[in-house]
Amino acid sequence: LEAKANNRVICGYWSTFGNIDKQGDIMQKGCFSKTLQENPRGFKYCFNHDLYNGVIGKSILAQEDDKGLYVEAKVSNTPLGDYVLSLAQDGVLEKHSIGFVVIKSSEEGKHRVIKEVRLFEGSILSVEPANDRATVEAIKQKYFFFGGEPPAKHFYPPEIPVDFFSNLKNPFKN
């Protein structure tokens, strides 16, 4: 991957094909084709699958390749986005996971082969994902590229207030 003028972009695989994940599922190549066509505006990018208080951006590129579902996600300029981006740059957050509904699958022995899904979000995780091959591959910043060779400069977001997370409210709870 090359550095682009794009900034605040985390690149990587949200899912991979052909391997057995921790839940015994195997994603079949092509299982994302229909959902990608049906959602040209992209998918939510979350921190730890939190669709209420943890949306940090959205995908700006999502495509299947031979390895899996490759995504470039733009991280919004928010305190939580800054926090997640900083942790990703430091290598603390390095795994992805997806939120989806299975549309078509088949059983092969002890495993479920997933043939079609409806994707609704991708997440960067602070815990181990079901598919440990779903990894952050690079981070693109304006003028900097975090991936491969270490950059000459580092981006450090402003300090997040200590009470930031305690002030987050779930709009669906009283």
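Because the structure is a prediction, the values reported are computed rather than measured.

Visitor: Any chance you could explain the pattern of salt bridges here in plain terms?
Guide: Close approach of charged atoms allows side chains of opposite charge to pair. Counted under the stated rule, the structure contains 8 salt bridges. Salt-bridge contacts for K22 lead to E128; the nearest nitrogen and oxygen are separated by 3.6 Å. Taken together, the residues K22 in the loop between β1 (9-16) and β2 (25-27) and E128 in the loop between β7 (111-125) and β8 (136-141) connect sequence positions 106 residues apart. Here the two residues K22 and E128 agree in accessibility, since each one is exposed. As a salt-bridge pair, K34 and E116 come within 4.0 Å of each other at their nearest N and O atoms. Here E116 lies in strand β7 and K34 lies in helix α1 (residues 33-38), a separation of 82 residues in the sequence. The exposure class of E116 is buried, given its relative accessible area of 13%. Bridged by salt links that share partners, the residues K34, E38, K104 and E116 form one connected network.

Visitor: What should I look at first to understand the side chain of K95 in this one?
Guide: By the secondary structure assignment, K95 is in strand β6 (residues 95-108). Look at K95: it is buried, it has no salt bridge, and the nearest opposite charge is E128 at 5.1 Å. Beyond its immediate chain neighbours, meaning those up to four positions away, K95 contacts S123, I124, L125, P129, D132, A134, T135 and V136.

Visitor: Sorry, what's going on with the confidence of the model for the chain here?
Guide: The predicted coordinates should not be examined in detail at positions where pLDDT is low. When pLDDT is averaged across the chain, the result is 82; 77% of the residues are at 70 or more. Within the chain, α1 carries the highest mean pLDDT (98), whereas strand β9 (residues 144-146) carries the lowest (40). Under a pLDDT of 50 for its full length, residues 1-6 has, in the predicted model, 16 contacts with residues more than four places off or in other chains. Segment residues 142-166: pLDDT under 50, and 35 contacts once partners within four positions in sequence are set aside and those in other chains are kept.

Visitor: Looking at this structure, how should I read the pairing of strand β4 (residues 55-64)?
Guide: The side chains of a regular strand alternate between the sheet's two faces. For strand β3 (residues 44-47) and β4, the ladder comprises 3 bridges, and the chain directions are antiparallel. The residue bridging Y45 from the neighbouring strand is G57, located in β4. Where β4 lies against strand β5 (residues 68-75), 7 bridges are found, and the strand directions are antiparallel. Bridging across to β5, L61 finds its partner in E72. Hairpin remark: β4 followed by β5, antiparallel, with 3 residues in the connecting loop.

Rules of the game
- Residues numbered from 1 in each chain as written.
- Predicted model: local features only at pLDDT ≥ 70, side-chain atom pairs only at ≥ 80, totals over all residues.
- Heavy atoms only, no water.
- Salt bridge = Lys/Arg side-chain N within 4 Å of Asp/Glu carboxyl O.
- Helix = DSSP H or I, 4+ residues; strand = E, 2+ residues; numbered from the N terminus.
- Buried < 20%, exposed > 50% of the residue type's maximum accessible area, 1.4 Å probe, protein only.
- Lys, Arg positive; Asp, Glu negative; His and termini not counted.
- Contact = heavy atoms within 4.5 Å.
- pLDDT = per-residue confidence, 0-100.
- Pairing = 2+ DSSP bridges.

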